[in-house]
Amino acid sequence: MDEFPQTPAATRALSVAVRFYSPALLNHCVRSYLWGATYAAAHDIAFDDELYYVSALLHDIGLTEPFDSHRMPFEDAGGDLAWVFGVAAGWPADRAARATEIIVLHMRDDVSSTADPESHLLQIATGWDVAGRRPEEFPTEARAEILARYPRQGFGSEFLASFEDQARRKPECAAAVLVANNAAGRIKANPLDS
């Protein structure tokens, strides 16, 4: 289950994640990669493993204090940072732009797996990890293994506090819409926390 890409960009993305995330947020990002890979395997979805891994690890970097933008939604700020990261890691600009797109789209309306497999996987994975959406897609054995290796460590309450902060400061952002539409209730009811 812990078969992560071993490319230079993947290794560096993990270093960034370890440096800037809290333990709960770091584990969420790793779980997001693993849930997406689990879902992809079950549905025979081909995806770019390195690109998805880097995007999953960096998708919430805009929630951290050093990279929080007071003017733009966290996913836009994180997407921009992912572009800078990708270019600095030696990716062509168009590949770095794909990381931006994946991170931004994970907070938007559903993207189909055929149109954009990496964005689709990040949407599915984060929806499951944050709010318990689509529980039927994640077998009990996979849940137990992933949670044993990457425990939640109070993730739900920490994440909800971050989202509520984003909503207060950026009332037009996607996080604000989710908070207004009972994100708190969904996060607190997540079966991963039972």
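Keep in mind the model is a prediction, meaning the values are calculated, not measured.

Novice: I'd like to hear about the pattern of salt bridges, residue by residue, with values.
Specialist: Here the structure, examined in full by the defined rule, presents 13 salt bridges. Of the charged contacts, one joins Glu-50 and Arg-95 as a salt bridge, the two residues approaching to 2.8 Å between their closest N and O atoms. Of this pair, Glu-50 sits in helix 3 (residues 49–58) while Arg-95 sits in helix 5 (residues 93–105), and the two are 45 residues apart along the sequence. Among the residues examined, Glu-50 registers a relative accessible area of 15% and is labelled buried. The residue Arg-98 makes a salt bridge to Glu-118 at a minimum N-O spacing of 2.7 Å. Residue Arg-98 is found in helix 5, and its partner Glu-118 is found in helix 6 (residues 117–131); the two are separated by 20 residues along the sequence.

Novice: Tell me about the environment of Cys-173, and please be specific about residues and values.
Specialist: Structurally, the position occupied by Cys-173 is in the loop between helix 8 (155–169) and helix 9 (174–180). Expressed as a C-alpha distance, the spacing of Cys-173 and Leu-192, which sit 19 residues apart in the sequence, is 26 Å. Excluding its chain neighbours within four sequence positions, the residues that come into contact with Cys-173 are Pro-73 and Gln-166.

Novice: Residues and numbers for helix 5, please.
Specialist: The end-to-end C-alpha separation of helix 5 is 18 Å, in line with the 18 Å expected for 13 residues at 1.5 Å each. Among the residues making up helix 5, those that are buried are Ala-96, Ala-99, Thr-100, Ile-102, Ile-103 and Val-104. Against helix 3, helix 4 (74–88) and helix 6 lie the buried residues of helix 5.

Novice: Give me the lowdown on unusual backbone geometry, citing residues and values where you can.
Specialist: One non-glycine residue, Arg-134, adopts positive backbone phi at about 60 degrees. Structurally, Arg-134 can be placed in the loop between helix 6 and helix 7 (140–149). One non-glycine residue, Gln-153, adopts positive backbone phi at about 50 degrees. Its location among the elements puts Gln-153 in the loop between helix 7 and helix 8.

Novice: Any details on the packing of helix 5 against helix 6? Residues and values, ideally.
Specialist: Helix-helix packing: each pair is described by the crossing angle between the helix axes and the interaxial distance. Interaxial distance between helix 5 and helix 6 falls to 8 Å at its minimum, and their mutual angle equals 35 degrees. At the point where helix 5 passes helix 6, the crossing takes the right-handed sense. Across the interface between the two elements, Arg-98, Glu-101, Ile-102, Ile-103 and Leu-105 of helix 5 pack against Glu-118, Ser-119, Leu-122 and Gln-123 of helix 6.

What counts and how
- Residues numbered from 1 in each chain as written.
- Predicted model: local features only at pLDDT ≥ 70, side-chain atom pairs only at ≥ 80, totals over all residues.
- Heavy atoms only, no water.
- Salt bridge = Lys/Arg side-chain N within 4 Å of Asp/Glu carboxyl O.
- Helix = DSSP H or I, 4+ residues; strand = E, 2+ residues; numbered from the N terminus.
- Buried < 20%, exposed > 50% of the residue type's maximum accessible area, 1.4 Å probe, protein only.
- Contact = heavy atoms within 4.5 Å.
- Expected span 1.5 Å × (residues − 1).
- Axes fitted to C-alpha atoms, helices over the stretch in contact; angles between N-to-C directions.
- Left-handed = near helix turned anticlockwise from the far one by under 90°.

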